[in-house]
Amino acid sequence: MERKPMKVTIVGAGSTRTPALIGSIIKLKERFPVKKLVFYDIDMDRVEKMRVYMELMMKTHSPETELIFTGNKDEAYKDIDFVFCQMRVGGSEYRSYDEKIPLKYGIIGQETCGPGGFAYGMRSIGDMIEMVNDVRKFSKETWVLDYTNPAAIVGLALQTVFPDDKRLMSICDQPYSMLKTFSQILNVPQKDLKPRYFGLNHFGWFTNLYYEGKDLLPELKDYIKNNDFKPYNAEQRDKSWLDTYLNVNKMMKYFDDYVPNTYLQYYFFGNELAKEENPEFTRVDEAKAGREKKVYDICKKAEEQGNLDNLPFLVGEVHGNMMVEIAESIAYNLENEFVLMMKNDGIIKNLDENMLVEVGSRLGKDGPIPYGYEKIDDFYKALIDNQYIYEKLTVEACLEGNYRKALQALTLNRTVINPEKAALILEDMIKVNKKYWELK
Ligand code: NAD
Ligand code: G6P
Ligand code: MN
């Protein structure tokens, strides 16, 4: 059947991940044809740096797509089927504070976990609420697919503020990325792997991995027990990511029921990780020296040459492909399987109904159709309950400007625990983030 072409807006189009997202849109154009593509950002100078490369890519490989570059919200949100959102409020300057401030107190600094994720969440929520309101001014039908981090906190805030909005989804690509690795290890196509997974965002576990009706998780666990766990594209990854994957081996030495999301390392081994960090050069610096430099160099050459000769075709093997495949599954009601976030509402029966859980799910025209659990075991439930209350208090602290709740949230976070340190970190975070949030 002919697939109806879609109209898409990228919010946060100045992200250095956008050129590779364009590569994914092109690569998957038969599966998800795009007739209009809008590039929107609050800082269009960032888009401008990459515009020529992206335009040349689209004009060469998808000349039928209308391209619009705009800093005007009305133009960005009017008459659109899908919003792909990937904003970073505060940019890498503030990611750097998020990662470095906790280290001063011996606590791990991370984009989405611990105090870094807390401060980033507090920055993101306001702009994200504004974006959804702006989109909804024009249409209730538009799907908003959102990558903005920390997805757990942003997603929970949006669910709290827009409880009836069923076309708003927070997305994370880490389970997708891990599935790519599993498919390589098990030597089966990723598209045929049907994951069962439970938890919160960046806080969950693979419990089964079905392939042609057979559960391959025991085989995968066996592999991880006997081999170093490495990402599928290990030779292209920065050192911090290789270390992160190795910590899955370490986590599974102690708890081998399931395969944990890599992000759990920060909650189990936060102290050791903090000691190993270089406070002058954290992940943000590595990402700038790596991905950002590579993308800007390619884009600059495209601008100088005025063509794509000898320049690589960037594709978002994880981030970009997942975004497009998700939109495809919704647009054409394919019910393909992904690990997705959604309101619990009884999906995991012994967890709070208001949690934003992450579970294996089919995905169709009305959104996710999840695979649930009757009961998860005490150990996992206790970890998740604690993390959820941290997330909930963070959202409330942000919406109410409530200092007490912020302090409680940070104290509950497994990376912090100590209220004295929580208060000190909070004091620093408040000072630095004045422009974005305040607490009383
Ligand atoms: P980046 O810093 O390179 O770019 C982000 C862009 O967002 C910037 O150009 C900035 O100007 C723009 N922006 C900021 N506030 C905005 C607003 N209110 N409206 C529109 N645009 C705005 O970012 P990046 O490192 O590529 O990451 C982009 C986002 O995607 C981050 O939130 C990151 O954490 C997230 N991300 C999430 C996942 C996931 O698994 N959920 C995966 C990858 C990236
Ligand atoms: C994974 C996670 C994202 C996170 C990203 C960080 O994809 O799922 O939530 O934003 O990694 O990557 P970076 O290269 O920016 O450190
Ligand atoms: Mn993620």
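Just above, that's the structure.
Just so you know, these numbers come straight off a predicted model, no measurement behind them.

Student: What is the right way to look at the sheet that holds strand β12 (residues 356-364) in this model?
Tutor: Across a sheet, paired strands are connected by hydrogen bonds in the backbone, their directions being either parallel or antiparallel. Pairing in this open sheet of three strands is antiparallel, and the strands run β11-β12-β13 from one edge to the other. Strands at the two margins of the open sheet, each flanked by one partner only, are β11 (336-343) and β13 (367-370). Each strand of the sheet is rotated relative to its neighbour by a mean of 60°, with strand direction disregarded. Inspection of the sheet shows β11 paired to β12 by eight bridges, in the antiparallel sense. Bridge pairing in β12 links Val 339 to Gly 360. Each of β11 and β12 is contacted by helix α13 (residues 319-331), which is oriented at about 90° to β11, the strand it contacts most.

Student: For this particular structure, what's the right way to read the coordination of the manganese ion (ligand 3)?
Tutor: Ideal donor angles around a metal are set by the shape: a four-donor tetrahedron calls for 109.5 degrees, a six-donor octahedron for 90 or 180 degrees. Here the manganese ion (ligand 3) is held by the protein donor atoms Cys 172 (SG) and His 202 (NE2), which lie 2.2 to 2.3 Å from it. You can see Cys 172 sitting in the loop between β6 (168-170) and α7 (174-186) and its partner His 202 sitting in the loop between β7 (193-200) and β8 (203-211), a full 30 residues away along the chain. The exposure class assigned to Cys 172 is buried, which follows from its relative accessible area of 7%.

Student: Honestly, the site of ligand 2 in this entry has me stumped. Any pointers?
Tutor: Around ligand 2, a shell composed of Arg 17, Arg 95, Glu 111, Asn 149, Cys 172, Asp 173, Gln 174, His 202, Trp 241, Tyr 263, Arg 283 and Arg 291 is seen. Between ligand 2 and Asp 173 there is a distance of 2.5 Å, counted from an oxygen atom to a side-chain nitrogen or oxygen. Protein chains shield 89% of the accessible area of ligand 2, which is 390 Å² for the free molecule. Among the residues making up the shell around ligand 2, the classes are represented as three nonpolar, three polar and six charged.

Student: How do you make sense of the pairing of β8 when you look at a structure like this?
Tutor: Consecutive side chains of a regular strand alternate in pointing toward one face of the sheet and then the other. A large share of β8 lies buried, amounting to eight of its nine residues. Two elements, β7 and β8, share eight bridges in a ladder whose sense is antiparallel. Directly across from Tyr 197, in β8, lies its bridge partner Phe 206. The turn joining β7 and β8, which pair antiparallel and follow one another in sequence, is formed by two residues; a positive phi near 55° is taken by His 202. Bridge count between β8 and strand β10 (residues 259-260): two bridges; the pairing is antiparallel. Opposite Trp 205, over in β10, you have Pro 260 as the bridge partner. Sheet analysis places β8 next to strand β9 (residues 214-215), joined by two bridges and oriented antiparallel.

Student: How should I be thinking about the state of the cysteines in this particular structure?
Tutor: Between two cysteines, a covalent bond joining their sulfur atoms is known as a disulfide. Within the structure shown, the criterion is met by zero disulfides. The thiol of Cys 85 is not disulfide-bonded; the next cysteine sulfur, from Cys 172, is found 15 Å away. The class of Cys 85 is buried, set by a relative accessible area of 0%.

Student: When you look at unusual backbone geometry in this model, what are you seeing that I'm missing?
Tutor: Among all residues save glycine, negative phi is the norm, and among peptide bonds the norm is trans. With an omega of -10°, the peptide bond running from Asn 149 to Pro 150 counts as cis. The backbone phi angle of Asn 333 is positive, close to 50°, even though this residue is not glycine. If you trace the backbone, Asn 333 turns up in the loop between α13 and β11.

Student: Mind showing me how you'd approach helix α9 (residues 239-254) here?
Tutor: Given 3.6 residues per helical turn, the α-helix brings residues three or four places apart onto the same face. Its 16 residues give α9 an end-to-end C-alpha distance of 24 Å, which sits within 8% of 22 Å, the value for a rise of 1.5 Å per residue. Packed against the buried residues of α9 are α7, α8 (217-226), β10, α10 (265-268), α11 (270-276) and α12 (283-305).

Student: Is there a simple way to explain the environment of Asp 243 in this structure?
Tutor: Structurally, Asp 243 is set in helix α9. Accessibility expressed as a relative area gives 32% for Asp 243, which makes it partly exposed. Each C-alpha atom of the pair Asp 243 and Lys 230 lies 8.7 Å from the other, and the pair is 13 residues apart in sequence.

Student: Would you explain the site of ligand 1 in this entry?
Tutor: Neighbouring ligand 1 are 24 residues, the closest being Ser 15, Asp 41, Arg 46, Glu 111 and Tyr 120. In the environment of ligand 1, an oxygen atom lies 3.0 Å from a nitrogen or oxygen atom belonging to the side chain of Arg 17. Note that an oxygen atom of ligand 1 is positioned 2.8 Å from one of the side-chain N or O atoms of Arg 88. Alone, ligand 1 offers 870 Å² of accessible surface; in the complex the protein occludes 93% of this. Residues that form the shell around ligand 1 fall into these classes: eight nonpolar, eight polar and eight charged.

Student: I tried to follow a nonpolar patch on the surface on my own but got confused; where do I start?
Tutor: Taken together, the side chains of Tyr 254, Phe 255 and Phe 379 define a hydrophobic patch exposed on the protein surface, amounting to about 300 Å² of accessible area. Here Tyr 254 lies in helix α9. Relative accessible area serves as the criterion here: at 51%, Tyr 254 is assigned to the exposed category.

Student: Would you explain the packing of helix α5 (residues 114-138) against helix α6 (residues 151-161) in this entry?
Tutor: Geometrically, a packed helix pair is captured by the angle between its two axes and the distance between the axes. Viewed as axis vectors pointing N to C, α5 and α6 meet at an angle of 40°, and their least axial separation amounts to 8 Å. Classified by the angle between their axes, α5 and α6 sit oblique to one another. Seen along the crossing, α5 lies across α6 with a hand that is right-handed. Packed against α5, whose contacting residues are Gly 117, Gly 121, Ser 124, Ile 125, Met 128, Ile 129 and Val 132, the element α6 presents Ile 153, Val 154, Ala 157, Leu 158 and Val 161 at the interface. Its residues placed into classes, the contact of α5 with α6 shows nine nonpolar, three polar and no charged.

Rules of the game
Residues numbered from 1 in each chain as written. Chains lettered and ligands numbered in written order. Predicted model: local features only at pLDDT ≥ 70, side-chain atom pairs only at ≥ 80, totals over all residues. Heavy atoms only, no water. Pairing = 2+ DSSP bridges. Helix = DSSP H or I, 4+ residues; strand = E, 2+ residues; numbered from the N terminus. Axes fitted to C-alpha atoms, helices over the stretch in contact; angles between N-to-C directions. Contact = heavy atoms within 4.5 Å. Donors = N, O, S within 2.8 Å, 3.2 Å for Na, K, Ca; no water. Buried < 20%, exposed > 50% of the residue type's maximum accessible area, 1.4 Å probe, protein only. Near = heavy atom within 4 Å. Polar contact = N/O pair within 3.5 Å; in protein donor to acceptor, adjacent residues only side chain to side chain. Areas by Shrake-Rupley, 256 points an atom, 1.4 Å probe, with all protein chains shown as cover. Nonpolar A, V, L, I, M, F, W, Y, C, P; charged D, E, K, R; others polar. Disulfide = S-S within 2.5 Å. Expected span 1.5 Å × (residues − 1). Patch = residues over 30% accessible without salt bridge, like charges linked within 9 Å, V, L, I, M, F, W, Y side chains within 5 Å. Salt bridge = Lys/Arg side-chain N within 4 Å of Asp/Glu carboxyl O. Parallel < 35°, antiparallel > 145°, perpendicular 65-115°, else oblique. Left-handed = near helix turned anticlockwise from the far one by under 90°.

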